[in-house]
Amino acid sequence: MHMKKYLVKCLHRLQKGPGYTYKELLVWYCNNTNTHGPKRIICEGPKKKAMWFLITLLFTSLVCWQWSVFIKTYLSWEVSVSLSVGFKTMDFPAVTICNASPFQYSKVKHLLQDLDELMEAVLERILAPEQSYSNATRTLNFTIWNDTPLVLIDERNPHHPVVLDLFGDVHNGSASSSPAPGRTCTAQGCKVAMRLCSLNGTVCTFRNFTSATQAVTEWYLLQATNIFSQVPTHELVEMGYPAERLILACLFGPEPCSYRNFTSIFQPDYGNCYIFNWGMTEKALPSANPGAEFGKSRFILGPEPWGLKSPPRGGLQEQPLWTQDKLERKGEPYSQCTMNGSDVPVQNLYSDYNTTYSIQACIRSCFQEHMIQNCSCGHYLYPLPHGERYCNNWEFPDWAYCYSHLSMSVPQSCHLSSSDTQYKMTISMADWPSEASEDWIFHVLSQERDQSTNITLSRKGVVKLNIYFQEFNYRTIEESAANNIVWLLSNLGGQFGFWMGGSVLCLIEFGEIVIDFVWITIIKLVAFAKSLRQKRVQARYAGPPPTVAELVEAHTNFGFQPDVARPGPEPGTYPDEQTLPIPGTPPPNYDSLRLQPLDVIESDSEGDAI
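Residues numbered from 1 in each chain as written. Predicted model: local features only at pLDDT ≥ 70, side-chain atom pairs only at ≥ 80, totals over all residues. Heavy atoms only, no water.

In the annotation of an unreviewed UniProt entry, the chain is listed under the name Epithelial sodium channel subunit beta and assigned to Ursus americanus. Per UniProt, the chain carries the Catalytic activity (unreviewed entry) text "Na(+)(in) = Na(+)(out)". Recorded in UniProt under Sequence similarities (unreviewed entry), the annotation for the chain is "Belongs to the amiloride-sensitive sodium channel (TC 1.A.6) family. SCNN1B subfamily." (UniProt positions renumbered as here; feature names shortened; annotations may be inferred.)

Enquirer: For this particular structure, what's the right way to read unusual backbone geometry?
Expert: Outside of glycine, negative phi angles account for most residues, and trans bonds account for most peptide bonds. Cis rather than trans, the peptide bond between Glu 332 and Pro 333 has omega equal to 0°. Mapped onto the elements, Pro 333 comes out in the loop between β14 (315-328) and α11 (359-375). In this model, Trp 77 sits at a positive phi of 55°, which is unusual for a non-glycine residue. For Trp 77, the position within the fold is in the loop between α4 (46-75) and β1 (79-86). The backbone of Asn 277 sits at a positive phi, close to 65°, despite the residue not being glycine. Along the chain, Asn 277 turns up in the loop between β11 (271-276) and β12 (286-287). (Helix = DSSP H or I, 4+ residues; strand = E, 2+ residues; numbered from the N terminus.)

Enquirer: Help me out: how do you make sense of the packing of aromatic side chains in this one?
Expert: Remark: the centre distance and the inter-plane angle together describe each pair of aromatic rings, the angle taken between the planes. Here the structure, examined in full by the defined rule, presents 17 aromatic pairs. Seen from their ring centres, Trp 145 and Trp 219 are 5.6 Å apart, and the 65° between their planes marks the pair as edge-to-face. Here the residue Trp 145 occupies a position in helix α7 (residues 143-147), and Trp 219 occupies one in helix α8 (residues 212-228), the gap between them amounting to 74 residues. Residues Phe 252 and Phe 276 carry aromatic rings whose centres are separated by 5.9 Å and whose planes lie at 45° to one another, so their mutual orientation is tilted. Highlighted residues: Phe 252 in strand β8 (residues 247-252) and Phe 276 in strand β11, separated in sequence by 24 residues. (Phe/Tyr/Trp six-rings, centres within 6.5 Å; stacked < 30°, edge-to-face > 60°.)

Enquirer: Sorry, what's going on with empty space enclosed by the protein here?
Expert: It is the rolling of a water-molecule-sized probe over the atoms that shows where space remains empty. Scanning the entire structure with this criterion turns up two cavities of 30 Å³ or more. Estimated volume of the second largest cavity: approximately 30 Å³. The biggest single contributor to the lining of the second largest cavity is helix α12 (residues 399-406), with three residues. Residue composition of the lining of the second largest cavity, by class: five nonpolar, one polar and one charged. Mapped onto the domain boundaries, the lining of the second largest cavity takes at least three residues apiece from domain 2 (103-127 + 142-167 + 185-239) and domain 3 (242-268 + 281-479). (1 Å grid on protein atoms, 1.4 Å probe; cavity = no way out; pocket = protein on both sides within 12 Å on 5 of 7 lines; lining within 4 Å. Points joined across faces, edges and corners; volume = space filled by probe spheres on them. Nonpolar A, V, L, I, M, F, W, Y, C, P; charged D, E, K, R; others polar. Domains from an automatic or database assignment.)

Enquirer: Would you mind showing me how to read the nonpolar core here?
Expert: Ranked by internal contacts, the top residues of the largest apolar core, which has 58 residues, are Trp 145, Leu 150, Phe 167 and Trp 399. Those elements that place two or more of their residues in this core are α5 (105-127), α7, β4 (150-154), β6 (191-198), α8, α9 (233-239), α11 and α12. At eight residues, the largest contribution of residues to this core is made by α5. Here this core spans two domains, and each of domain 2 (103-127 + 142-167 + 185-239) and domain 3 (242-268 + 281-479) adds at least three residues to it. If we skip the residues at most four places from it in the chain, Trp 399 touches Leu 222, Thr 225, Asn 226, Met 371, Cys 377, His 379, Cys 391, Asn 392 and Asn 393. In this structure, Ile 97, Tyr 241, Leu 465 and Ile 467 belong to the second largest nonpolar core, which totals 18 residues. (Core = buried A, V, L, I, M, F, W, Y, C linked by side-chain atoms within 4.5 Å. Buried < 20%, exposed > 50% of the residue type's maximum accessible area, 1.4 Å probe, protein only. Contact = heavy atoms within 4.5 Å.)

Enquirer: Quick question: what am I supposed to make of α5 here?
Expert: The α-helix winds at 3.6 residues per turn, so residues separated by three or four positions along the chain end up facing the same way. A rise of 1.5 Å per residue sets the reference length of α5, with its 23 residues, at 33 Å; its end C-alpha atoms lie only 26 Å apart and thus fall more than 12% short of the reference. At Leu 111, α5 shows its strongest bend, of approximately 70°. Those residues of α5 not exposed but buried are Val 108, Leu 112, Leu 115, Asp 116, Leu 118, Met 119, Ala 121, Val 122, Arg 125 and Ile 126. (Expected span 1.5 Å × (residues − 1). Bend = angle between axes of the 7 residues up to and from the residue.)

Enquirer: Any chance you could explain the state of the cysteines here in plain terms?
Expert: Such a bond, covalent and formed between the sulfur atoms of two cysteines, is termed a disulfide. Applying the stated rule across the entire model yields six disulfides. Across the disulfide from Cys 250 sits Cys 257; the S-S distance is 1.7 Å. Disulfide Cys 250-Cys 257: torsion about the S-S bond near -75°, hence left-handed. When its relative accessible area of 8% is taken as the criterion, Cys 250 is described as buried. What makes Cys 257 buried here is its relative accessible area of 15%. (Disulfide = S-S within 2.5 Å.)

Enquirer: How should I be thinking about the side chain of Asp 325 in this particular structure?
Expert: By secondary structure assignment, the location of Asp 325 is in strand β14. A polar side-chain atom of Asp 325 sits 2.9 Å from a polar atom in the side chain of Arg 475. For Asp 325, the contacting residues outside a window of four places in its chain are Asp 420, Thr 421, Gln 422, Lys 424 and Arg 475. (Polar contact = N/O pair within 3.5 Å; in protein donor to acceptor, adjacent residues only side chain to side chain.)

Enquirer: What is the right way to read the sheet that holds strand β7 (residues 203-208) from this model?
Expert: Two orientations exist for strands paired in a sheet by backbone hydrogen bonds: parallel and antiparallel. Strand order in the open sheet made by the four strands is β5-β4-β6-β7, with antiparallel pairing throughout. Single-partner strands in this sheet number two, and they are β5 (162-165) and β7. Adjacent strand axes in the sheet meet at a mean angle of 40° when their direction is disregarded. Summarising the sheet, β6 and β7 pair through six bridges and their orientation is antiparallel. Residue pairing for β7: Leu 196 is matched across the bridge by Thr 205. Each of β6 and β7 touches α12; the most contacted strand, β6, lies at about 115° to it. (Pairing = 2+ DSSP bridges. Axes fitted to C-alpha atoms, helices over the stretch in contact; angles between N-to-C directions.)

This is how it looks when you write it as structure tokens:
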């Protein structure tokens, strides 16, 4: 009940309004505001009023302009970068050792035999076409070649380029046939390209390269990918290099270690890789001091094809010096960085490797996802989701065409990580071992690996790695907001106070005036609408409004015609079985329902009481 009365009072107060006119509100605001200027407009003479009005308007414009500049600067979300360099005890980084050759050639030779023979013939046709045509006597397997062949594009006539097959008609007939006259072309005079087709060869395109070397390399990698994608992973692991052949000796600080302290993973690009200080159940090994004497890890790697240019006498000694960079970026709205990748619409296919979010893993996962959606198969070099298959020419003959188009138009949905740790490495190389200690070192290494008193290791290709931190072992690059909300409010208040002597209370007073103006305007609009509606109602009647009885009669007597006595039928007109019509009942007199004054009602009630 009390709540109802309170709501009724509020409704009456809203309908009543502030109780002022526009002019009264303006005068009240100028007399009571703390802002300098408005009070002088109503207190001074006519000339000073005009002068103070112009000054107040000018300074108000300056304040609004400055406010817009500061707000625009704040909404630009600029950041400032701070750099700190120092040293602290931290975990030693995980060191990954891979071979430049992912597989042992002796174990994959049977898989690559046809491809290698075809590759040798391709090189002969490109480098010495006339000689290769005359010596084309061996039989080649063109099954791989027919799917994605290399062609020569003769552009000596730019208006009419000619596409020439490297083998002419050899793969369509006998292996010793010769091309048509005038169709020979060298790599210097023509451009080497790769022909990619889909839909059973009805739609084809040519992928151009900057050089013949790049074209041949890309073609070989594409065919090797097609071959290895059909081999089970456990067989590929057996074809790679085992840890005992790669890692001959290991030393972390004063503590010895071996290949058993490494965690093995398989990576299609590099085959079997071995990671030190990662994937263990124990805590990661720390590095308490910088320099070569502390926190140093030494690895002696076996004589394998590491992809390094070794000296003719012996091996190499490498000293990678590590520097850690920790990047702290601002997230939304300052940049598109993500905290942990949970807001990135890409499934992380590298989550099985127990790694955190990174932009490289996201890009590869995104490409594999689009590869599966568009080509119905996954690329061999990237992790495969459960239930999917790798691409190959037998099950997916159009995959190379799809892969070529997709690699140039994949939409990127990945963002940088807001917290990222990077390691920068400086490498120095030297010949190792020295002539004086060469025999002794290889004797020791041979005995540790093969339990032999003789030297069983090749003296070429052995690599010694010395890994440690520099003097300053970390740098922190941190982003912070250049303009925060405190900066914005301080500048807005400073400009308002400097030009007009105002404060937050002045803004509240101005907001109150605005609300009252809107309130009065709404009440005036409502009153105007009511007056228009009343005028429309009054315009319907020329005279005074009808009574209730007249309005009721209008529903029964639409013409407002008076009841006139009509002559009744003559006696005997109606037969005996038909009764006379019943006269209509007149409408009741509703004038008694009209409202009467209060004193008349009270007098009637008193008379009834007597």
